[in-house]
Amino acid sequence: MMPLTAAPAYVPATGQPHPSGADLHALVRRLFPICRSITGDGVRQSLAILQEYLPELQVHEVPSGTPVLDWEVPREWNIRDAWIKNARGERVVDFRAHNLHVVGYSLPVQGWFTLDELKKHLYSLAEQPRLIPYRTAYYADAWGFCLAHEQLLALADPTYEVCIDSTLAPGALTYGELLVPGETDEEVLISSHICHPSLANDNLSGIAVATFLARYLQAQPRRYSYRFVFAPGTIGAITWLSRNAEAVGRIRHGLVLSLLGEAGGFTYKKSRRGTAEVDRAVALALREAAAPHRVIDFKPYGYDERQYCSPGFNLPVGCLSRTPYGEFPEYHTSADNLAFVQPEALLDSLQLAQTVAHLLEANRCYQNLSPYGEPALGRRGLYGAVSGSAHAASAQMALLWVLNLSDGHHDLLAIAERSGLPFEQLRHAADLLCAHDLLTPFSN
Ligand code: ZN
């Protein structure tokens, strides 16, 4: 028996732009029991659920053996059951109780093993003795079980019967892709890994935030086109990159979404470029959210930003997370469960991603059309009509900052960074100045 039954198939109506944290958590709950890996039916089942939320989501199948960049699509792995039984025939380790019990990509196995032989295939965490670790053996031709250290210590029989009812055979790698078209064909890439079994924060949280971000954007006017990729980590991103040279050339901004469901502060890992517009947009969104956060430099380790930011592509793609991988004790263990992921944290993460999209949409460079001395704002009714309030004062400052920095070299993000004023106030000032013919959008 799975420890959790699937939640009822409640899907909020499409076009409903304001989901609740409970809506995001409900999607995480539906996906949680499925045994996913880098290939196999678990990925297909997960994408089929996402299609209930995003009916236009395309599912792609790439055959095993297909060359993809410097890699090759691996054989497909599927698993039906696995167990370790004692001499009395009792399942002492049972895949049906938790899918983390089997090392991902385990070869099929059936037979009796001495405890010493069996132990070579067992993985546990002595420091977290009640938790099951998450392990994979994608390219190793191996098999194994993961179990709580307490369970391991309790194994005392001289021999055990072992079964892994799995298949590793030619098949396909499956990924999902959704294009939300905008006014232009310039694209924003949103990517989430979809290859982990029953782990909630890593990365059902990222998948849920990406799914609801897509639904939100579908209901908004859009300058950019948004491409959502739900693919297995590493090999999935490499496969997508190898098949989408044209789309790659249209990517102007991108985000990898991962680890967005627990209550820790945000972490934004900048793109390899370091000063890309998306890097500045996320940093400003975090500043304006006034939430605890860190902005860290790119490094060639982590999630699929590693592939998007490999030097041949060097795409402006950063990674938005909360507490980074490896820095929370639940990471890659059975404690990364449905209780660990908080509805409010999921919703906060979604709202931050929405703000980033809004900033990218609204960011522009402008040209001051009256750059010699300050233009006479009073004559145009733009100066101190209502003075005295703090808001009036900062609205005034917004006009002055926008006029001063609109030289074709500073976009609104740069003006917000330098002035410390809210982006929306600057955008409003720019609109007002445009309406009075003092400013015009800069086109190069
Ligand atoms: Zn992971």
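All values reported here derive from a predicted model rather than from experimental measurement.

### Considerations on the domain arrangement of the chain
Split into domains, the chain comes out as domain 1 (21-73 + 172-362), domain 2 (76-169) and domain 3 (365-442). In this assembly, 23 residues from domain 1 lie in contact with 18 residues from domain 2. Summed over both sides, the interface between domain 1 and domain 2 buries roughly 1600 Å², with carbon and sulfur atoms accounting for 55% of that surface. Among the residues domain 1 hides against domain 2, the three largest losses belong to C35, I38 and S334. Together they make up 29% of the total. Summed over the shared surface of domain 1 and domain 2, the number is 1 salt bridge. R44 is paired through a salt bridge with E76; the nearest N and O atoms lie 2.9 Å apart. The residue makeup of the side of domain 1 that touches domain 2, split by class, is 12 nonpolar, 9 polar and 2 charged.

### What about helix α8 (residues 277-289)?
The terminal C-alpha atoms of α8, which comprises 13 residues, lie 18 Å apart, in line with the 18 Å expected from a rise of 1.5 Å per residue. One or two positions beyond α8, positive phi appears at A290, with a value near 50 degrees.

### Details of the packing of α8 against helix α10 (residues 343-362)
In contact at an axis separation of 9 Å, α8 and α10 are set at 125 degrees when each is read in the N-to-C sense. With respect to each other, α8 and α10 are oriented oblique. Both α8 and α10 take part in a crossing whose hand is right-handed. Within the contact between the two elements, α8 uses E277, V278, A281, V282, L284, A285, L286 and A289 and α10 uses L352, T355, V356, L359 and L360. Along the lines of polarity and charge, the residues of the contact of α8 with α10 split into 11 nonpolar, 1 polar and 1 charged.

### Comments concerning the layout of surface pockets
Taken as a whole, the largest pocket spans an internal volume of roughly 500 Å³. Lining the largest pocket are 23 residues, with H196, T234, G302, R306 and H332 sitting closest to its centre. Looking at which domains feed residues into the lining of the largest pocket, each of domain 1 (21-73 + 172-362) and domain 2 (76-169) gives three or more.

### Considering the confidence of the model for the chain
Mean pLDDT for the chain: 95, with 95% of residues reaching 70 or above. A low-confidence stretch, residues 1-8 (pLDDT under 50), is modelled with 13 contacts involving residues beyond four sequence positions or located in other chains.

### Overview of the pairing of strand β15 (residues 293-296)
One ladder, built from 4 bridges, connects strand β14 (residues 266-269) with β15; its direction is parallel. Paired with Y268 across the bridge in β15 is V295.

### Looking at the side chain of D202
Tracing the backbone through its elements, the reader meets D202 in helix α5 (residues 200-218). The buried charged residue D202 lacks any salt bridge partner; its closest oppositely charged side chain belongs to R36, at an N-O distance of 9.7 Å. Within the structure, the side chain of D202 is placed 2.7 Å from the side chain of H193, a separation counted as a polar contact. A distance of 2.9 Å separates polar atoms of two side chains, one belonging to D202 and the other to H332. Apart from residues lying up to four places away in sequence, D202 is in contact with H193, H196, L259, Y303, Y331, H332 and D336.

Rules of the game
Residues numbered from 1 in each chain as written. Predicted model: local features only at pLDDT ≥ 70, side-chain atom pairs only at ≥ 80, totals over all residues. Heavy atoms only, no water. Domains from an automatic or database assignment. Contact = heavy atoms within 4.5 Å. Buried area = accessible area lost by both parts, 1.4 Å probe. Salt bridge = Lys/Arg side-chain N within 4 Å of Asp/Glu carboxyl O. Nonpolar A, V, L, I, M, F, W, Y, C, P; charged D, E, K, R; others polar. Helix = DSSP H or I, 4+ residues; strand = E, 2+ residues; numbered from the N terminus. Expected span 1.5 Å × (residues − 1). Axes fitted to C-alpha atoms, helices over the stretch in contact; angles between N-to-C directions. Parallel < 35°, antiparallel > 145°, perpendicular 65-115°, else oblique. Left-handed = near helix turned anticlockwise from the far one by under 90°. 1 Å grid on protein atoms, 1.4 Å probe; cavity = no way out; pocket = protein on both sides within 12 Å on 5 of 7 lines; lining within 4 Å. Points joined across faces, edges and corners; volume = space filled by probe spheres on them. pLDDT = per-residue confidence, 0-100. Pairing = 2+ DSSP bridges. Buried < 20%, exposed > 50% of the residue type's maximum accessible area, 1.4 Å probe, protein only. Lys, Arg positive; Asp, Glu negative; His and termini not counted. Polar contact = N/O pair within 3.5 Å; in protein donor to acceptor, adjacent residues only side chain to side chain.

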